[in-house]
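Okay, here's what each chain looks like letter by letter:
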Amino acid sequence: MTLEIDQSVPSPDMFADTDFAGAMSLLKECVGGSTGESLLIVSEAEQSGFYDEQAPKQAAAAGRALGMVVYELQSHSFVNNESEKNLLLKSLTGFDHIVFFSRVGDQIRFSSNNALPSSTMCYALNREALNSSFGTACYKGMQEVKVAIDQAVESATEIRVTCPRGSEFIGRPDWGKELPADVSVKRFPLSVPRPVTANGFIGRIALSRFLVGTGSRHYDPYCLLLPNDVFACIANGRITDFEGDKSDVKRVEQHYLLVAEKFSIDPWCVDSWHAGIHPGCQFETNAESDILRWSGTAFGNPRILHFHTCGEYAPGEISWTVVDPTVYIDDVPVWDNGQLHPERLVHGLDILRRHPNLARLFENPAREIGFSI
Ligand SMILES: [Fe+2]
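Being a predicted model, the structure only gives us computed values, none of them experimental.

## Looking at helix H2 (residues 21-31)
At step 1: For H2, a buried count of eight out of eleven residues is recorded, marking the element as mostly surrounded by other parts of the structure.
At step 2: Burial in H2 covers these residues: Gly22, Ala23, Met24, Ser25, Leu26, Leu27, Cys30 and Val31.
At step 3: One or two positions beyond H2, positive phi appears at Gly32, with a value near 75°.

## Here we look at helix H9 (residues 246-263)
At step 1: Compared with an ideal rise of 1.5 Å per residue, which puts 18 residues at 26 Å, H9 spans 26 Å between its outermost C-alpha atoms and is within 8% of the ideal.
At step 2: Along H9, the residues that are buried comprise Asp248, Val249, Val252, His255, Tyr256, Val259, Ala260 and Phe263. Along the axis of H9, the buried residues cluster in a sector spanning 125°; they form a single face. In H9, those exposed residues whose orientation departs by more than 90 degrees from the buried face are Lys246, Lys250, Glu261 and Lys262.
At step 3: Of the surrounding secondary structure, the elements contacted by the buried residues of H9 are strand E10 (201-212), strand E11 (223-235), strand E12 (238-243), strand E14 (304-309) and strand E15 (318-323).
At step 4: Downstream of H9 by one or two residues, Ser264 has phi in the positive range, about 50°.

## Notes on the coordination of the iron ion
At step 1: For the iron ion, the full set of protein donor atoms is His274 (NE2), His306 (NE2) and His308 (NE2), at a range of 2.0 to 2.1 Å.
At step 2: The sequence pattern describing where the donors of the iron ion fall on their chain is H-x31-H-x1-H. Of the two residues, His274 sits in strand E13 (residues 270-275) while His308 sits in strand E14, which places them 34 residues apart along the sequence. With respect to burial, His274 and His308 carry one shared label: buried.

## Here's the deal with the pattern of salt bridges
At step 1: Using the criterion set out here, one finds 15 salt bridges in the structure.
At step 2: Here Glu44 and Arg103 are joined by a salt bridge, their closest N and O atoms 2.7 Å apart. Highlighted residues: Glu44 in strand E2 (residues 38-44) and Arg103 in the loop between strand E4 (97-101) and helix H5 (104-107), separated in sequence by 59 residues.
At step 3: Under the relative-accessibility criterion, Glu44 is labelled buried at 2%.
At step 4: Overall, Arg103 belongs to the buried group, its relative accessible area being 9%.
At step 5: Between Arg353 and Asp350 there is a salt bridge, and its shortest N-O distance comes to 3.4 Å.

## Digging into the nonpolar core
Where a protein is soluble and globular, its nonpolar side chains tend to be buried together.
At step 1: If you look at the biggest cluster of nonpolar residues, it comprises 117 residues, and the most contacted ones within it are Trp273, Trp294, Phe307 and Trp320.
At step 2: Broken down by element, this core gets its largest block of residues, seven residues, from helix H8 (residues 139-155).

## A short note on the packing of aromatic side chains
At step 1: On inspection of all chains with the given rule, the structure shows 19 aromatic pairs.
At step 2: Considering the side-chain rings of Phe210 and Phe371, the 6.1 Å spacing of their centres and the 45° angle between planes classify their relative orientation as tilted. With Phe210 in strand E10 and Phe371 in the segment after helix H12 (356-363), this residue pair connects regions lying 161 residues apart in the sequence.
At step 3: Owing to a relative accessible area of 13%, Phe371 belongs among the buried residues under this scheme.
At step 4: Seen in terms of ring centroids, Tyr256 and Trp268 are 5.6 Å apart; in terms of plane orientation they differ by 25°. Their pairing is stacked. Residue Tyr256 is found in helix H9, and its partner Trp268 is found in the loop between H9 and E13; the two are separated by twelve residues along the sequence.
At step 5: By relative accessible area, Trp268 is classed as partly exposed at 23%.

## Observations regarding the confidence of the model for the chain
At step 1: Summing up the model confidence of the chain, the mean pLDDT is 92 and the portion of residues at 70 or higher is 92%.
At step 2: pLDDT under 50 marks residues 1-6. Its contacts with residues more than four places away, or in other chains, come to 21 contacts.

## Considering unusual backbone geometry
At step 1: That bond from Phe188 to Pro189 is cis: its omega, -15°, falls within 30 degrees of zero.
At step 2: Mapped onto the secondary structure, Pro189 falls in the loop between strand E8 (186-188) and strand E9 (196-197).
At step 3: Between Asp220 and Pro221 the backbone carries a cis peptide bond, its omega angle lying at 0°.
At step 4: Here Pro221 shows up in the loop between E10 and E11.

## Here we look at the pairing of E15
At step 1: Within E15, six of the six residues are buried, which leaves the element mostly enclosed by the surrounding structure.
At step 2: Every second residue of E15 is oriented toward a common face, with Ile318, Trp320 and Val322 on one face and Ser319, Thr321 and Val323 on the other, all of them buried.
At step 3: Sheet topology note: the E14/E15 ladder contains six bridges and is antiparallel. Considered in E15, the bridge of Leu305 is made with Val322.

## Notes on the environment of Cys281
At step 1: Positionally, Cys281 belongs in the loop between E13 and helix H10 (291-297).
At step 2: Given a relative accessible area of 0%, Cys281 falls into the buried group.
At step 3: Separated by 87 residues in the primary sequence, Cys281 and Glu368 place their C-alpha atoms 8.5 Å from one another.

Cut-off values and rules
Residues numbered from 1 in each chain as written. Predicted model: local features only at pLDDT ≥ 70, side-chain atom pairs only at ≥ 80, totals over all residues. Heavy atoms only, no water. Buried < 20%, exposed > 50% of the residue type's maximum accessible area, 1.4 Å probe, protein only. Helix = DSSP H or I, 4+ residues; strand = E, 2+ residues; numbered from the N terminus. Expected span 1.5 Å × (residues − 1). Arc of directions from axis to C-beta. Contact = heavy atoms within 4.5 Å. Donors = N, O, S within 2.8 Å, 3.2 Å for Na, K, Ca; no water. Salt bridge = Lys/Arg side-chain N within 4 Å of Asp/Glu carboxyl O. Core = buried A, V, L, I, M, F, W, Y, C linked by side-chain atoms within 4.5 Å. Phe/Tyr/Trp six-rings, centres within 6.5 Å; stacked < 30°, edge-to-face > 60°. pLDDT = per-residue confidence, 0-100. Pairing = 2+ DSSP bridges.

Structure below.
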């Protein structure tokens, strides 16, 4: 992999012409960058069809406006093996902060690399998303909502997940000896809480529309379309059976075996799950027609809950999508048919009172998630 670093010159014209609210929120509230610190913006080529080139440019210009020393680097979209991963990690040392507008950020997101500087993965894929309510919603308020959800989940005696297509999943998270460490790379916007272990749960999940990769590693076919729903039966972090039309079940099983063989991983492992928490996250085009971009951003909408499966780690390699989930935490429907209600959490009302703009957004969340229903 060839990586080039260019130190860019300030471009005040661009700064004057454009709305930088999202980029400023990213750098000031999430990254926490300040004058004199170095900032590396890692982007991928717009031609790869994932990020636009304007969003990273806005972040770079905003960094310069804040007095940061900004470097820009274009990476490939994927690191395909350990040596490419190590080469990338080597290129990322020596900066105070890194922001990824590139999928490689997700591929090293779960690395435990202590040498990696403060790093942030951006899930706003273009300038419009960065400056929409997705990128500009109060980051600190979203952090408080995330913490309240994490605490509710950690202390829950029972959690139950249902969905209109018949999913039914119940249990008490069995974290083992200690809670797993959260990801090493920060996320912007803050779109999901800490993954909930699947250990301690039992039930059936309706697999509908498609199975898709998790962003962890790339493989082909990355997406398996499902003409009919297939139910996955799971118990204590294992897939025990698939139920449905015989040929559909066979296709699903073969897909699992193919992916597992490619990466030498356990196909039937269900590591964890979580639902979206960001009321400004949306995806307006059809999911199936733009599945890579859909899988890289839409999961943050509270109408989507996803599972990390295939592989004994988060995020696994195959994701399940549950639409319009209801998630009862100790009998309280915190997600209610795809709408997140932070006010139903302990201290949730206080959080919303402190962040009235965010409260209004939670009252009128984005509904477009790339599906017609
Ligand atoms: Fe996830």
